[in-house]
Amino acid sequence: MSAGKEIRTKIRSIQNTRKITNAMEMVAASKMRKAQQRMDQARPYADKIRQVIRHLAHANPEYRHSYLEAREVRRVGYIVVSSDRGLCGGLNNNLFRQLVRSMKAQEEAGIGVDVCTIGSRASQFFGRWGGNLVAETSQIGDRPNLQDVVGPIQTMLERFDNGDIDELRVCYNTFVNAMTQRPTEETILPLPQQEEAETSHGWDYVYEPSAPEVLDDLLRRYVESVIYQSVVENIACEQAARMVAMKAASDNADKLIDELQLAYNKARQAAITTELTEIISGAAAV
Amino acid sequence: MAITMHVDIVSAEESVFSGTASFVLARSSDGELGVMPRHVPLLAQLQPGEVMLRDEFDEEHFYYASGGLIEVQPHVVTVLADTASRARDLDEAAAQQAKKRAEQAIENRSGDMDYARAQAELVEAAAQLRTIQTLRRRKGQG
């Protein structure tokens, strides 16, 4: 009965794995709900600051901030938002695949690329793949603070201010629903130009204390809020993707266990039949 | 009914208030700032302090913002606060404690970095206490 024993050990090990994937699925489901909540809570601020920025684009400010001016693009900066941990299906890989395609297109056009990563998966990937990694942060956890992502943003904004990069983009997964996450690439800086700005009335804000200071503050907050929003959204995506991946793993484990159980029963039955035949033929011979 | 405008107070974490008001009072970097409907467009930095708004029934509501920006359009006011809360949710004891801690840190300062942060904390704690006191005074009158 050596074959039977081997199969039994295998079944037991798969059962243990199934317990783990099942637990991870449930943990991911509850974390996803919380992440979704945080995503919804962060949304009003992002929406409002976008609205203010839109108003600003319609105004005719005397002072033009450098973030509002499109310039000739020679180098692009990417902020890549990924998860810290794996076991979440193709979430990160889908994002990276799209990113690599977009970066290759840039390089073919003779445009340089700088990368800044949030989350350890992205920094691992760009460590292997190559690319000019200028800043990274990881281990931001499930409940990120704005402070956690300020560092890389600061680095990229400085590069933008110095003219090292002429465009800043962010790549992350948008949360469509629990089953679908879409890799997204968005241009943050320079702010998209409004065509009708010329036709609107020539009004401008009153600034307190002064236009450069207020606009600096506002645009910095805008960039921070966009990145923060994308980080929070990516966490919700990570949990959703993990939940789905773990559900699939549990289902696969169930199927494997069923098949092995059948094989085990067959082997046992075959062994019994052989033994019986041997006894009967032995008795007949006597 | 008085002329009203739409007011939103949002912080990075959540939306604190969204509704109509006939008057908004905030603390900008140049001093107190009163806004009524049809105000000229304005963008200002906020100092830590209270944001008061009077609704169409002449009731006053107090909020606390720890700095941020205020945008004024003729009929829309948006307060983008770093952190905001309803003034009655403020914890006086905690604010007192924070103030004391910040003062101590300033007295025996160790590095420039700590000093700057302690000073910012002190300003914030003092602003919270001021908001609480204003709120209490108003209640005493009413």
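Overview of the structure. These numbers come from a predicted model, not from an experiment.

**Focus: the pairing of strand E5 (residues 42-54) of chain B**
Here is step 1 of the chain: Taken across its 13 residues, E5 of chain B has 11 buried, putting it largely inside the fold.
Here is step 2 of the chain: Taken together, the three bridges between strand E6 (residues 206-208) of chain A and E5 of chain B define a ladder with parallel strand orientation. Directly across from tyrosine 207 of chain A, in E5 of chain B, lies its bridge partner leucine 43 of chain B.
Here is step 3 of the chain: Relative to strand E6 (residues 60-73) of chain B, E5 of chain B runs antiparallel, the two sharing 12 bridges. Counted as the bridge partner of glutamate 50 of chain B is tyrosine 64 of chain B from E6 of chain B.

**As for the environment of threonine 274 of chain A**
Residues and elements named next belong to chain A.
Here is step 1 of the chain: Position of threonine 274 relative to the elements: it lies in helix H5 (residues 211-285).
Here is step 2 of the chain: Threonine 274 sits in the partly exposed class, given a relative accessible area of 42%.
Here is step 3 of the chain: Within the local environment of threonine 274, its side chain forms a polar contact with the backbone oxygen of alanine 270, the two atoms lying 2.5 Å apart.

**Observations concerning the interface of chain A and chain B**
Here is step 1 of the chain: Opposite the 23 residues of chain A that make contact, chain B presents 26 residues.
Here is step 2 of the chain: When the two sides are added together, the surface that chain A and chain B hide from each other amounts to roughly 2,100 Å², 62% of it contributed by carbon and sulfur.
Here is step 3 of the chain: Area buried by chain A at its contact with chain B is led by Tyr45, Lys48 and Glu208 of chain A, which between them contribute 31% of it.
Here is step 4 of the chain: The interface formed by chain A and chain B holds two salt bridges in total.
Here is step 5 of the chain: Across the salt bridge formed by aspartate 8 of chain B and lysine 48 of chain A, the nearest N and O atoms sit 3.0 Å from each other.
Here is step 6 of the chain: At the surface where chain A touches chain B, the tally comes to 12 residue pairs in polar contact (both at pLDDT 80 or more).
Here is step 7 of the chain: When contributions to the side of chain A that touches chain B are tallied by element, the ones reaching two or more residues are helix H1 (2-58), E6 and H5 of chain A.
Here is step 8 of the chain: If one sorts the elements of the side of chain A that touches chain B by residue count, H1 of chain A sits on top with nine residues.
Here is step 9 of the chain: Classifying every residue of the side of chain A that touches chain B by side-chain character gives 15 nonpolar, two polar and six charged.

**Overview of the pairing of strand E3 (residues 132-137) of chain A**
Consecutive side chains along a regular strand alternate between the two faces of the sheet.
Here is step 1 of the chain: Where strand E2 (residues 112-118) of chain A lies against E3 of chain A, five bridges are found, and the strand directions are parallel. Within E3 of chain A, the position partnered with valine 115 of chain A by the bridge is leucine 133 of chain A.

Rules of the game
- Residues numbered from 1 in each chain as written.
- Chains lettered and ligands numbered in written order.
- Predicted model: local features only at pLDDT ≥ 70, side-chain atom pairs only at ≥ 80, totals over all residues.
- Heavy atoms only, no water.
- Buried < 20%, exposed > 50% of the residue type's maximum accessible area, 1.4 Å probe, protein only.
- Helix = DSSP H or I, 4+ residues; strand = E, 2+ residues; numbered from the N terminus.
- Pairing = 2+ DSSP bridges.
- Polar contact = N/O pair within 3.5 Å; in protein donor to acceptor, adjacent residues only side chain to side chain.
- Contact = heavy atoms within 4.5 Å.
- Buried area = accessible area lost by both parts, 1.4 Å probe.
- Salt bridge = Lys/Arg side-chain N within 4 Å of Asp/Glu carboxyl O.
- Nonpolar A, V, L, I, M, F, W, Y, C, P; charged D, E, K, R; others polar.

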